[in-house]
Amino acid sequence: MTTRDIVFVVVGVITALSGLLAVSTRHVVHAALWLLVCLGSLAGCYIVLGQELVGIVQLLVYVGAIVVLVLFALMLTRAPIGPQPDIDAPVWQRVVAALLGAATTALVAAATLPVIGQQSVDLDTPVVTTQQIASAIFGTWVWPFELLSVLLLVALVGAFAVSRVVLARRSRS
Amino acid sequence: MIHLQWPVMLAAVLAGLGVYGVIARRNAVLVLIGVELILNAANLLLVTAGSRPDAPLAAGSVVTLFVVTIAAAEISIALAVILVMFRRFGHIDLTAVPDLTKGAPEHTERDPTDRTDPAALAAEEVSEP
């Protein structure tokens, strides 16, 4: 175990525990707040892995925007305060869900651990610098990048249209 | 030095937790939280694979940034749909069985147009002898 290993294991345990609480807590708002902790510490994992730019974008987009959107959606759907017994499926379905989740974990681990899990990387000299990422985005990946901007515009218009169209139809009827 | 089995194991655990959250939750927003966990597991795998020294074209980082962008677009659309569902049905319970004959109960009570619908009235008379 090197120093990076120990730091990653500590941050990773925080990530996994907060993720577990995010999917298992009975408080609706607490689930979103545990998701915030999980995504924030995952940004820490990225930084430990030597990808500072991805970590900072994770903080900006996920923690700054997506969790806030989820919290707004919870508020607008009148999320009740306090523990809710009825936000979870029945017990048999939770058992099936736990089995399927464990199976997914086993599958992903079995598929990826033999491929890249055996390696160890020296990250003290950066493998991919931010400058290389920038020249790759605006060089090799420029057309996917442009498509993504179109996708964001379509998503913006689509989210607006979904809510407006239904509202207009209801007010007309 | 870092051994890459830790990030791979964390990604596997996050994917499993996400699958559990998607199946075990009834609230639609909490199902979305599970989807976010699965997406982040994929991102962590991409970052891990991209941190190897022989990864070409900075692909791990760049594709991770793309996935983050797509996740932002996806969740904005999904939350818009969930809000419309809440306005239309009054709940966001994904396991509630929709009543396709008369529409949701809150909707028929509040909306006078369904009262004049002969099919809806006939269905009500059949169901309440």
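Predicted model only: the values in this text are computed from it and were never measured. Starting from 1, residues in each chain are numbered consecutively following that chain's sequence as written. To label them, take the chains in the order written and letter them from A, then take the ligands in the order written and number them from 1. In view of the model being predicted, local features appear only for residues whose pLDDT reaches at least 70, and side-chain atom pairs are presented and counted only at 80 or more, with totals across whole chains, interfaces and linings using the full set of residues. Where side-chain values are given, they derive from all heavy atoms of the structure, hydrogens and water being excluded.

**A look at the pattern of salt bridges**
Pairing between side chains becomes possible if they bear opposite charge and their charged atoms approach one another.
For step 1, the next point in the chain: In what follows, salt bridge is the name for a side-chain nitrogen of Lys or Arg lying within 4 Å of a carboxyl oxygen of Asp or Glu. Per the stated rule, a full pass over the model turns up 2 salt bridges over all chains.
For step 2, the next point in the chain: For R25 of chain B, the salt bridge is made with D88 of chain A, and the minimal N-O distance between the two is 2.9 Å. One end of the pair, R25 of chain B, is in the loop between α1 (5-24) and α2 (28-50); the other, D88 of chain A, is in the loop between α3 (52-76) and α4 (91-116), on a second chain.
For step 3, the next point in the chain: Measuring nitrogen to oxygen at the nearest pair gives 2.5 Å for the salt bridge that ties R26 of chain B to D93 of chain B. Only DSSP runs of H or I with at least four residues qualify as helices, and only runs of E with at least two residues qualify as strands; both kinds are numbered from the N terminus onward.

**Let's talk about α1 of chain B**
For step 1, the next point in the chain: Between its terminal C-alpha atoms α1 of chain B stretches 28 Å, which fits the 28 Å expected from 20 residues at 1.5 Å a residue.
For step 2, the next point in the chain: Within α1 of chain B, 14 of the 20 residues are buried, which leaves the element mostly enclosed by the surrounding structure. Expected helix span is taken as 1.5 Å per residue step, with the number of steps being one fewer than the number of residues. Burial status follows relative accessibility: with a 1.4 Å probe on protein chains alone, a residue under 20% of its type maximum counts as buried, one over 50% as exposed, and anything between as partly exposed.

**Quick look at the nonpolar core**
For step 1, the next point in the chain: To qualify as a nonpolar core, a set must consist of buried Ala, Val, Leu, Ile, Met, Phe, Trp, Tyr and Cys residues joined through side-chain atoms within 4.5 Å. Residues L49 of chain A together with L10 and I33 of chain B are the most contacted members of the largest nonpolar core, which totals 66 residues.
For step 2, the next point in the chain: Broken down by secondary-structure element, the contributors of at least two residues to this core are α1 (3-24), α2 (28-48), α3, α4 and α5 (130-137) of chain A together with α1, α2 and α3 (59-89) of chain B.
For step 3, the next point in the chain: Per-element accounting of this core gives the leading share, 10 residues, to α2 of chain A.
For step 4, the next point in the chain: Beyond its immediate sequence surroundings of up to four residues, L10 of chain B is in contact with F8, G12, T15, A16, L42 and C45 of chain A together with L44 of chain B. In what follows, a contact means two residues having at least one pair of non-hydrogen atoms within 4.5 Å.

**Some details on the environment of A15 of chain B**
For step 1, the next point in the chain: Residue position: A15 of chain B is located in helix α1.
For step 2, the next point in the chain: Classification of A15 of chain B as buried rests on a relative accessible area of 9%.
For step 3, the next point in the chain: Filtering out sequence-adjacent residues up to four positions away, A15 of chain B remains in contact with T104 and V108 of chain A together with I38 and A41 of chain B.

**What about the interface of chain B and chain A?**
For step 1, the next point in the chain: Each partner contributes residues to the interface: chain B has 73 residues there, and chain A has 87 residues.
For step 2, the next point in the chain: Taking both sides of the interface into account, the surface hidden between chain B and chain A amounts to around 7300 Å²; carbon and sulfur atoms contribute 77%.
For step 3, the next point in the chain: Put simply, buried area is how much 1.4 Å-probe accessible surface two parts lose in total, over both of them, once they are put together. In terms of surface lost to chain A, no three residues of chain B exceed M1, I2 and R25 of chain B, which account for 10% of the buried area on that side.
For step 4, the next point in the chain: Scanning the region where chain B abuts chain A turns up 1 salt bridge.
For step 5, the next point in the chain: Polar contact criterion, stated in full: a pair of N or O atoms within 3.5 Å, where within protein one must be able to donate a hydrogen and the other to accept it, and residues adjacent in sequence count only if both atoms are side-chain atoms. Joining chain B to chain A, the criterion identifies 17 residue pairs in polar contact (both at pLDDT 80 or more).
For step 6, the next point in the chain: Contributions of two or more residues to the side of chain B that touches chain A are made by β1 (2-3), α1, α2, α3 and α4 (105-110) of chain B.
For step 7, the next point in the chain: The element contributing the most residues to the side of chain B that touches chain A is α3 of chain B, with 25 residues.
For step 8, the next point in the chain: Charged means Asp, Glu, Lys or Arg here, nonpolar means Ala, Val, Leu, Ile, Met, Phe, Trp, Tyr, Cys or Pro, and polar covers whatever is left, Gly included. Residue composition of the side of chain B that touches chain A, by class: 49 nonpolar, 16 polar and 8 charged.
For step 9, the next point in the chain: Strands pair, by our definition, only if DSSP identifies at least two bridges between them. For strand β1 (residues 120-121) of chain A and β1 of chain B, the ladder comprises 2 bridges, and the chain directions are antiparallel. Within the sheet, the bridge partner assigned to V121 of chain A lies in β1 of chain B and is I2 of chain B.

**Remarks on the side chain of T112 of chain A**
For step 1, the next point in the chain: Among the secondary structure elements, T112 of chain A is positioned in helix α4.
For step 2, the next point in the chain: For T112 of chain A, a relative accessible area of 17% puts it in the buried group.
For step 3, the next point in the chain: Within the local environment of T112 of chain A, its side chain forms a polar contact with the backbone oxygen of V108 of chain A, the two atoms lying 2.5 Å apart.
For step 4, the next point in the chain: For T112 of chain A, the contacting residues outside a window of four places in its chain are G117 of chain A together with V8 and L45 of chain B.

**Observations concerning a nonpolar patch on the surface**
Residue and element names in this part refer to chain A.
For step 1, the next point in the chain: A patch is a set of surface residues, each over 30% in relative accessible area and not in a salt bridge, joined within 9 Å for like charges and within 5 Å for the nonpolar side chains Val, Leu, Ile, Met, Phe, Trp and Tyr. Reported accessibility uses the Shrake-Rupley method at a 1.4 Å probe radius. Residues are deemed covered only where the shown protein chains occlude them. Together, M1, I6, V10, I14, L21, L33, W34, L36 and V37 make up a nonpolar patch on the protein surface, roughly 740 Å² of accessible area in all.
For step 2, the next point in the chain: Secondary-structure elements contributing two or more residues to the nonpolar patch are α1 and α2.
For step 3, the next point in the chain: The topology assignment puts V37 in helix α2.

**Thoughts on the confidence of the model for chain B**
Residues and elements named next belong to chain B.
For step 1, the next point in the chain: For chain B, per-residue confidence averages 80 on the pLDDT scale, and residues scoring 70 or more make up 74% of the total.
For step 2, the next point in the chain: Note on residues 120-126: pLDDT under 50 across the span, and 6 contacts to partners over four residues away in sequence or across chains.
For step 3, the next point in the chain: Both confidence scores are given for the complex: pTM 0.85, ipTM 0.91. Per-residue confidence from the predictor is reported as pLDDT, a score between 0 and 100.

**Focus: the state of the cysteines**
Residue and element names in this part refer to chain A.
For step 1, the next point in the chain: Throughout, disulfides are identified as pairs of cysteine sulfur atoms within 2.5 Å of each other. According to the stated counting rule, one finds 0 disulfides over all chains in the structure shown.
For step 2, the next point in the chain: Take C38: it sits in no disulfide, and the sulfur closest to it among the cysteines is that of C45, at 8.7 Å.
For step 3, the next point in the chain: On the basis of relative accessibility, which here comes to 0%, the residue C45 falls in the buried class.

**Looking at α3 of chain A**
For step 1, the next point in the chain: Helix length check: α3 of chain A (25 residues) gives 34 Å between terminal C-alpha atoms against 36 Å at 1.5 Å per residue, within 8%.
For step 2, the next point in the chain: At Y62 of chain A, α3 of chain A shows its largest kink, close to 25°.
For step 3, the next point in the chain: Looking only at α3 of chain A, the buried set comprises V54, G55, Q58, Y62, V63, I66, V67, V70, A73 and L74 of chain A.
For step 4, the next point in the chain: Elements that come into contact with the buried residues of α3 of chain A comprise α2 of chain A together with α2 and α3 of chain B.
For step 5, the next point in the chain: Looking at the residues trailing α3 of chain A, positive phi occurs at R78 of chain A, about 55°. For a residue, the bend is simply the angle between two axes, fitted respectively to the seven-residue segment ending there and the seven-residue segment starting there.

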